[in-house]
Amino acid sequence: MSDPKNQPLRKTENYAQLTLDAAAEQPVKSNEPAVLSVEQLNIQIKQLIEGQMGMVWVRGELSNFKAHTSGHFYFSVKDSKSQITAVMFRGNNARLKFKPTDGMEVMVRGRVTVYEPRGNYQLMVDMMEPVGAGALQKAFEQLKMKLRAEGLFDSAKKRPIPTFPRHIAIVTSPTGAAIRDILNVLSRRAKSIQVTIVPTIVQGEAAAPQLREAFKKAVALPDVDAVIVGRGGGSIEDMWCFNDEGLARLIAASPVPVISAVGHEIDFTIADFVADLRAPTPSAAAELVAKSSSELVNKVTSLERMLKLSFDRKMKFLREKSLGLSKRLVDPKRRLEDLTLRNDDLLTRLELAVSTLINKKDHRVELMTQKLGTPQNLIDRRKKELGFLQARTEKALMFSLERKKSRMDRMMAMLDSMSPLRVVDRGYSIVTKDSKVIKSASQVKAGDCIDIRLAQGSLTATVSGVKEE
């Protein structure tokens, strides 16, 4: 028999390089498979699947989704007839623009592998996209719903933009068309406004962190009255940095009013919703924040004209009022004489009123005196009333006593008729033993001593015999 070490290995043995050396020394029969451990079998299956399958795209519905504390995603991808477990490690899922949830239809890219300790095959995912709406649009809607639920879009939290700002900070690219449009409008409408440009990139993966840092610098500038954040138009990917959650929270918490001027009028970003004011374009933001010098001059002229007209009307009214008051003014001496006469008239009327009141009171006292009479008459009248009441009381008392006595006599007669002594008077007797009335012969026995109550007197006897019927 040839040496098995020199024989070519079968395909399964190529995948099982970890077989024991001792097993390799044993003679191998061509018609008998090698004896493998469970670990070796799972390793062979893993190598076979990974070597044959490679990268695959799978479309299905997410279920049993769990974001582990380690940052990894564990879930299943299923259709109406089957499902497969999957894992997406933290380094890959950090690049997702949306948050996966159960029931979401997705397309995932990954490689099929075997988890050796359990012998389960699963999908190792490195890319995921939602089916239907694009990933960026899905992420935009999810973040929009989240921030709206937290109240960051509430109109009550929006602060007014200063009417005449002195210092404006602009967070945008220093080389883009947006900054040129803003500066042109400001120079034309309000040259006196101080403008500070806080440069940042506004496109690409590094744009969001730079935007956040630039915005922090802008709101920290001394005496800044408003901040404009924006850029020119572009695709949703170009403007995606303005959908950054961190930037949105910075804008919502800004102590300075913020104007969002991102893209064109049809473009919307998260920054537009959390800002205090949304401008359809960067140049429109400059027009909103800076009033035109000519417009201000015209308005001041109009206010000046209105003020002069109002002042003239007020002066005319005061002159006419002063003239009317001067005509009503009289000589003080004559006014004093009038008041003296008025005082004398009031004093006379007061004396007359007091005299009339006193007379009325005297007459009333006289009438009351006549009505009351003398105290002796009142005492005599009360004595007569007392005697009458006393006589009525005695009569009523006697009548009540007679009625009570008659009723008591009737009750005594009835009680006497029901007395046992009346029965004894008719010839009967009452027999007692130990003060208890004997009603039955069973209550006594021969030799008992009994008492007999008669109509006249009583007897004490001894029972010689008992006969019960």
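This text goes with the structure placed above it.
Our subject in this report is the structure included herewith.

Once that is clear, we can look at the overall build of the chain. In terms of helices and strands, the chain carries 14 helices and 14 strands. Considering the chain as a whole, with its 469 residues, one finds that 27% of them fall into the buried category. In the chain, the proportion of contacts linking residues at least 24 apart, taken out of those at least 6 apart, comes to 59%.

This part takes up the packing of aromatic side chains. If you walk through the whole model with that rule in mind, you get 4 aromatic pairs. Summarising the aromatic geometry, the rings of Phe268 and Phe273 are spaced 6.0 Å apart at their centres and angled 20 degrees between planes, so their arrangement reads as stacked. Classification of Phe268 by relative accessible area gives partly exposed; the value is 44%. For Phe273, a relative accessible area of 21% translates into the label partly exposed. These aromatic residues form a ring-pair network of at least three members: Phe65, Phe73 and Phe75. Its end group placed over the ring of Phe268, Arg278 keeps NZ or CZ at 4.0 Å from the ring centre.

In terms of nonpolar packing, the biggest core is built from 53 residues, with Phe75, Met128, Val227 and Phe242 touching the most fellow members. Counting residues per element, this core draws most heavily on helix 7 (residues 207-219), which supplies 7 residues. Among residues more than four places away in sequence, those in contact with Met128 are Leu62, Phe75, Met88, Leu96, Phe98, Pro100, Val106, Met107 and Val108. By size, the runner-up hydrophobic cluster in this structure holds 18 residues, among which are Ile182, Leu186, Ala190 and Ala290.

Take Thr113: it is sitting in strand 4 (residues 105-115). Dropping the residues within four chain positions of it, Thr113 is found in contact with Lys46, Glu50, Asn120, Tyr121, Gln122 and Met124.

Once that is clear, we can look at unusual backbone geometry. In terms of backbone geometry, most residues other than glycine have negative phi values and most peptide bonds are trans. With a phi angle near 55 degrees, Asn64 is a residue other than glycine that sits in the positive phi range. With respect to the helices, strands and loops of the structure, Asn64 is situated in strand 1 (residues 55-67). Classification of Asn64 as exposed rests on a relative accessible area of 57%. Although it is not a glycine, Asp223 sits at a positive phi angle of roughly 60 degrees. Summarising the element assignment, Asp223 is placed in the loop between helix 7 and strand 8 (226-231). Note on Asp223: relative accessible area 67%, which makes it exposed.

This brings us to the sheet that holds strand 1. Read around the closed barrel, the 5 strands follow the order 1-2-3-5-4; overall the barrel is mixed. Across the sheet, the mean angle from the axis of one strand to that of its neighbour is 55 degrees, orientation sign disregarded. Across 6 bridges, strand 2 (residues 73-78) lies against strand 3 (residues 83-88) in antiparallel orientation. Residue pairing in the sheet places Tyr74 in a bridge with Val87 of strand 3.

Here the focus is the side chain of Ser254. Structurally, the position occupied by Ser254 is in the loop between helix 8 (245-252) and strand 9 (258-262). Of note is the side chain of Ser254, whose polar atom sits 2.8 Å from the backbone oxygen of Val256. For Ser254, the residues in contact, after removing those within four places along its chain, are Arg159, Phe215 and Val219.

Residue position: Ala441 is located in the loop between strand 12 (436-437) and strand 13 (449-453). On the accessibility criterion, Ala441 (28% relative accessible area) is partly exposed. Each C-alpha atom of the pair Ala441 and Gly465 lies 9.9 Å from the other, and the pair is 24 residues apart in sequence. If we skip the residues at most four places from it in the chain, Ala441 touches Val466, Lys467 and Glu468.

Turning our eyes to something else, we now look at the pairing of strand 9. Taken across its 5 residues, strand 9 has 5 buried, putting it largely inside the fold. With burial as the criterion, each face of strand 9 is covered, one bearing Val258, Ser260 and Val262 and the other bearing Ile259 and Ala261. Bridge count for strand 8 against strand 9 is 5 bridges, and the pairing is parallel. If you follow Val227 over to strand 9, its bridge partner there is Val258.

With antiparallel pairing, 4 strands are arranged side by side in an open sheet as 12-11-13-14. Each having just a single partner strand, strand 12 and strand 14 (458-462) make up the two edges of the open sheet. Sheet topology note: the strand 13/strand 14 ladder contains 5 bridges and is antiparallel. In the strand pairing of strand 14, Arg453 is matched with Ser458.

Before going further, it helps to spend a moment on the environment of Ser442. For Ser442, the position within the fold is in the loop between strand 12 and strand 13. Distance in space between the C-alpha atoms of Ser442 and Val466 is 7.9 Å, their sequence separation being 24 residues. Within polar-contact distance, the side chain of Ser442 engages the side chain of Ser440 at 3.0 Å.

It is worth spelling out helix 7 at this point. In a regular helix each residue adds 1.5 Å, so 13 residues correspond to 18 Å; helix 7 covers 18 Å between its end C-alpha atoms and thus fits that length. Within helix 7, the full set of buried residues consists of Ala207, Ala208, Leu211, Ala214, Phe215, Ala218 and Val219. For helix 7, the angular spread of the buried residues around the axis is 125 degrees, confining them to a single face. Residues of helix 7 that are buried in the fold lie against strand 6 (167-172), strand 7 (194-199), strand 8, helix 8 and strand 9.

A grouping of Phe311, Met315, Phe317 and Leu318 is seen on the molecular surface, where their side chains present a nonpolar patch of about 380 Å² in accessible area. The topology assignment puts Phe311 in helix 11 (residues 293-328). A residue is classified by how much of its surface remains accessible, and Phe311, at 52% relative accessible area, is exposed.

Definitions and limits used
Chains are numbered independently. Their residues run from 1 in the order of the written sequence. pLDDT decides what is reported in this predicted model: residues at 70 or higher carry local features, side-chain atom pairs at 80 or more are listed and counted, and totals for whole chains, interfaces and linings draw on all residues regardless. Side-chain metrics rest on all non-hydrogen atoms present in the structure, leaving aside hydrogens and water. Here a strand is any run of E in DSSP of at least two residues, a helix any run of H or I of at least four, and the numbering for each starts at the N terminus. Three exposure classes are used, based on accessible area relative to the maximum for each residue type with a 1.4 Å probe and protein chains only: buried under 20%, partly exposed in between, and exposed over 50%. Contact criterion: two residues are considered in contact whenever any of their non-hydrogen atoms come within 4.5 Å of each other. Any two rings among Phe, Tyr and Trp, with Trp reduced to its six-membered ring, count as a pair given centres within 6.5 Å; such a pair is stacked if its planes are under 30 degrees apart, edge-to-face if over 60, and tilted if neither. Here, a charge over a ring is recorded when the distance from Lys NZ or Arg CZ to the ring centre is within 6 Å and its angle to the ring normal is within 35 degrees. By convention a nonpolar core is built from buried Ala, Val, Leu, Ile, Met, Phe, Trp, Tyr and Cys residues, the set being connected through side-chain atoms within 4.5 Å. At least two DSSP bridges between two strands are needed for those strands to be called paired. The convention used is that axes are lines fitted to C-alpha atoms, helices contributing only their stretch in contact, and that angles between N-to-C directions extend from 0 to 180 degrees. The term polar contact refers here to a pair of N or O atoms within 3.5 Å; inside protein, the definition further demands a hydrogen-donor-capable atom paired with an acceptor-capable atom, and it admits residues adjacent in sequence only when both atoms are side-chain atoms. Expected helix span is taken as 1.5 Å per residue step, with the number of steps being one fewer than the number of residues. Our arc is simply the arc of the directions from the helix axis toward the C-beta atoms. To count toward a patch, a residue needs a relative accessible area above 30% and no salt bridge. Like charges then connect within 9 Å, nonpolar side chains (Val, Leu, Ile, Met, Phe, Trp, Tyr) within 5 Å. In short, Shrake-Rupley with a 1.4 Å probe defines the accessible areas, and a residue's cover is counted only from the protein chains shown. Salt bridges, as used here, are contacts in which a Lys or Arg side-chain nitrogen is within 4 Å of a carboxyl oxygen on Asp or Glu.

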